[in-house]
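This is what each chain is made of:
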Amino acid sequence: MAKIATGIDDRIERTGIMLVLSSPSGAGKSTIARYLQTNVDNLEVSVSMTTRQRRGSEIDGTHYHFVSAREFERDRESDALLEWAEVHGNFYGTPRDPVEKAMAEGRDMLFDIDWQGGKQLMEKARAYVVSIFILPPSMEELMARLHRRAEDSEEVIERRLANAAEEIRHWREYDYVIVNDDLERASRRAEAILRAERLRVDRRALGLGGFEEKLIGA
Ligand code: ADP
Ligand code: 5GP
């Protein structure tokens, strides 16, 4: 699908968006994130740091920065992480520098993080955050998706399913919620949320002030 052509409206300066996607493991947030990356311009994905083992299909530096527990602790202690959490027995965190740079330059960033990370970002940077919770259509389907993905051992899948209910309980803390039944529909809904949020007056106040001046004079 083609990206929407850019025009005057897209050139008006605005503040950046931190688009947070959370869901229980296997509900589809990475798949929806990939759709957004392909179909929406000006959207960077935050590459988290993790102590979890790399999956066969993952590339270090692209999907995650895979680090040792010691390296993770060092970055956490030096305040290099904007948020961090322990999820399914591993540590995950968001490197601070790329986010601050993107926000300062009015670029949007996507975060595939759990509810604990979402909460921290909403507390620290509420004005920038747009949060979406992705729900699976059923627990049976969630289990089927985790197996179909075929990237984790049975033990890891069991642990993720056991943690799913705890993650799901937090959907009310988010700005938007999408049930990912049909992937195309769910992806388009996430895209619609991002495109609408980009047009909010509070994100565009500065740029539109200048535009108004040009339109009708000060
Ligand atoms: P998460 O990032 O939330 O852990 P993934 O995006 O890796 O989940 O999705 C888990 C699996 O489910 C993948 O194999 C993906 O292709 C599949 N999947 C995602 N959304 C749907 C959907 N709506 N219908 C069927 N399969 C889906
Ligand atoms: P996975 O191991 O399947 O890649 O991710 C497991 C969980 O960790 C998912 O819920 C994912 O969203 C979350 N996660 C990934 N990166 C981060 C991060 O930087 N911070 C937090 N809080 N959670 C993360």
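Note: the structure precedes this text.
Residues numbered from 1 in each chain as written. Chains lettered and ligands numbered in written order. Predicted model: local features only at pLDDT ≥ 70, side-chain atom pairs only at ≥ 80, totals over all residues. Heavy atoms only, no water.

Draft legend 1. Molecular detail of the site of ligand 1. Taken together, 17 residues lie around ligand 1, and Gly26, Ser30, Thr31, Arg149 and Asn180 are the ones closest in. A distance of 2.9 Å separates an oxygen atom of ligand 1 from a polar atom in the backbone of lysine 29. Within the side chain of arginine 149, a nitrogen or oxygen atom sits 2.8 Å from an oxygen atom of ligand 1. Surface burial for ligand 1 is 81%, taken as the share of its 570 Å² of free accessible area covered by protein chains. (Near = heavy atom within 4 Å. Polar contact = N/O pair within 3.5 Å; in protein donor to acceptor, adjacent residues only side chain to side chain. Areas by Shrake-Rupley, 256 points an atom, 1.4 Å probe, with all protein chains shown as cover.)

Draft legend 2. Spotlight on the nonpolar core. With 24 residues, the main nonpolar core has Leu19, Ile32, Leu36, Leu110, Ile132 and Ile178 as its most contacted residues. Elements that contribute at least two residues to this core include exactly strand 1 (18-22), helix 2 (29-39), strand 8 (129-135), helix 6 (139-149), helix 7 (154-168) and helix 8 (183-197). Apart from residues no more than four positions distant in its own chain, isoleucine 132 is found in contact with Leu19, Val20, Leu21, Ser22, Tyr174, Tyr176, Ile178, Ala190 and Ile193. Ranked by size, the runner-up nonpolar core spans 18 residues in total, among them Met109, Trp115, Leu121 and Tyr174. (Core = buried A, V, L, I, M, F, W, Y, C linked by side-chain atoms within 4.5 Å. Buried < 20%, exposed > 50% of the residue type's maximum accessible area, 1.4 Å probe, protein only. Helix = DSSP H or I, 4+ residues; strand = E, 2+ residues; numbered from the N terminus. Contact = heavy atoms within 4.5 Å.)

Draft legend 3. View of helix 2. Every buried residue belonging to helix 2 is among Lys29, Ile32, Ala33, Tyr35, Leu36 and Asn39, and all of these are buried. Along the axis of helix 2, the buried residues cluster in a sector spanning 160 degrees; they form a single face. Turned more than 90 degrees away from the buried face of helix 2 sit Arg34 and Thr38, all of them exposed. Next to the buried residues of helix 2 lie strand 1, strand 2 (43-45), strand 7 (108-112), strand 8 and helix 8. (Arc of directions from axis to C-beta.)

Draft legend 4. View of the sheet that holds strand 6 (residues 90-95). Within the open sheet, the 4 strands sit side by side as 4-3-6-5. Their pairing is mixed. Two strands bound the open sheet, and with one partner strand each, they are strand 4 (64-66) and strand 5 (81-87). Pairwise comparison of adjacent strand axes, ignoring direction, gives a mean angle of 25 degrees for this sheet. Relative to strand 4, strand 3 (residues 48-50) is paired through 3 bridges, and the arrangement is parallel. Across the sheet, the residue bridging to serine 48 is tyrosine 64, located in strand 4. Seen against the sheet, helix 3 (residues 69-77) touches strand 3, strand 5 and strand 6 and runs at an angle of roughly 140 degrees to strand 5. (Pairing = 2+ DSSP bridges. Axes fitted to C-alpha atoms, helices over the stretch in contact; angles between N-to-C directions.)

Draft legend 5. Just the packing of aromatic side chains, in detail. Counted according to the given criterion, the structure contains 5 aromatic pairs. For the ring pair tyrosine 64 and tyrosine 92, a centre distance of 5.8 Å and an interplane angle of 55 degrees mean the geometry is tilted. Residue tyrosine 64 is located in strand 4, and its partner tyrosine 92 is located in strand 6; the two are separated by 28 residues in the primary sequence. A relative accessible area of 13% places tyrosine 92 in the buried class. Here the aromatic residues Tyr64, Phe66 and Tyr92 are joined through ring pairs into a cluster of three or more. The ring of tryptophan 84 has arginine 76 lying over it, and the distance from NZ or CZ to the ring centre is 4.6 Å. (Phe/Tyr/Trp six-rings, centres within 6.5 Å; stacked < 30°, edge-to-face > 60°. Lys NZ or Arg CZ within 6 Å of the ring centre and 35° of its normal.)

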